[in-house]
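# Survey of secondary and tertiary structure
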Amino acid sequence: MNLEQMINQQIANWNVLYTKLHRFHWYVKGPSFFTLHPKFEELYNEAAVTIDELAERLLSIGGQPVATMKQYLEHANIEETNQETTAEEMVQALVNDYSLILEESKLAIELAEEANDEVTADKFLALTETLGTHIWMLRAFLNN
């Protein structure tokens, strides 16, 4: 996989995640509603910014970002599901998705460094810090 393909995969992942976060925001119920409803909104807003930054970076290095739902689903490693119905299932799905994106972001850093693209490497490095924090906090919510 080359750097352009990796960035597109991440654009796709973040778009699938963005949609999933909206669903979680709308459908979360129970005692954690007042905690998770705004948290999911915060996370989908963050995802929107991430998508835009990755797409603009790809354009700036001569690539073409994927930009349709069909392309997102074809390129993403994050799965679109509708199985999560409890708050705990939703949060666990996010831990899983963020963990996958974290591992792929580390690969993106390597690809960017191999291409002597320090700016892209730095963008993914910053993402790894954010993702690590999200994973820690979401796991704390689940008490695991």
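See the structure shown above.
First, a word on scope: everything that follows refers to the structure included in this document. (Residues numbered from 1 in each chain as written. Predicted model: local features only at pLDDT ≥ 70, side-chain atom pairs only at ≥ 80, totals over all residues. Heavy atoms only, no water.)

On to the overall build of the protein, then. A tally of regular secondary structure across the protein gives 5 helices and 0 strands. Along the protein, helices (α) and strands (β) appear in the sequence α-α-α-α-α when read from the amino end. For the protein, the C-alpha radius of gyration of 15 Å lies close to 15 Å, the compact-globule estimate for 144 residues. Among the 144 residues that make up the protein, the fraction classed as buried is 46%. Across the protein, the fraction of contacts at a sequence separation of at least 24, relative to all contacts at a separation of at least 6, is 78%. Only carbon and sulfur atoms are counted for the fraction: they give 52% of the accessible area of the protein, which is about 7900 Å². The protein carries 9 positive and 23 negative side-chain charges, and their two centres are separated by 6 Å. (Helix = DSSP H or I, 4+ residues; strand = E, 2+ residues; numbered from the N terminus. Rg over C-alpha atoms; globule rule 2.2 N^0.38 Å. Buried < 20%, exposed > 50% of the residue type's maximum accessible area, 1.4 Å probe, protein only. Contact = heavy atoms within 4.5 Å. Areas by Shrake-Rupley, 256 points an atom, 1.4 Å probe, with all protein chains shown as cover. Lys, Arg positive; Asp, Glu negative; His and termini not counted. Charge placed at Lys NZ, Arg CZ, Asp CG, Glu CD.)

Attention shifts here to the environment of Thr 120. Structurally, Thr 120 is set in helix 5 (residues 118-142). Excluding residues that lie within four positions of it along the chain, Thr 120 makes contacts with Leu 3, Ile 7, Arg 57 and Ala 112. In this structure the side chain of Thr 120 is engaged in a polar contact, spanning 2.8 Å, whose partner is the side chain of Arg 57. (Polar contact = N/O pair within 3.5 Å; in protein donor to acceptor, adjacent residues only side chain to side chain.)

Between two aromatic rings, the relevant description is the distance of the centres plus the angle of the planes. The final tally for this structure, using the stated rule, is 4 aromatic pairs. When the centroid spacing of 6.2 Å and the interplanar angle of 55 degrees are considered together, the rings of Trp 14 and Tyr 98 count as tilted. Here the residue Trp 14 occupies a position in helix 1 (residues 3-27), and Tyr 98 occupies one in helix 4 (residues 87-114), the gap between them amounting to 84 residues. What makes Trp 14 buried here is its relative accessible area of 0%. Among the residues examined, Tyr 98 registers a relative accessible area of 0% and is labelled buried. Geometrically, the ring pair formed by Phe 33 and Phe 34 is edge-to-face, given 5.2 Å between the ring centres and 85 degrees between the ring planes. (Phe/Tyr/Trp six-rings, centres within 6.5 Å; stacked < 30°, edge-to-face > 60°.)

Tallied over the entire structure, the rule returns 5 salt bridges. Two residues, Arg 23 and Glu 84, come together in a salt bridge whose shortest N-O distance is 2.8 Å. Of the two residues, Arg 23 sits in helix 1 while Glu 84 sits in the loop between helix 3 (69-75) and helix 4, which places them 61 residues apart along the sequence. (Salt bridge = Lys/Arg side-chain N within 4 Å of Asp/Glu carboxyl O.)

Okay, unusual backbone geometry next. Even without being a glycine, Asn 116 presents a positive backbone phi close to 55 degrees. Considering the arrangement of structural elements, one finds Asn 116 in the loop between helix 4 and helix 5.

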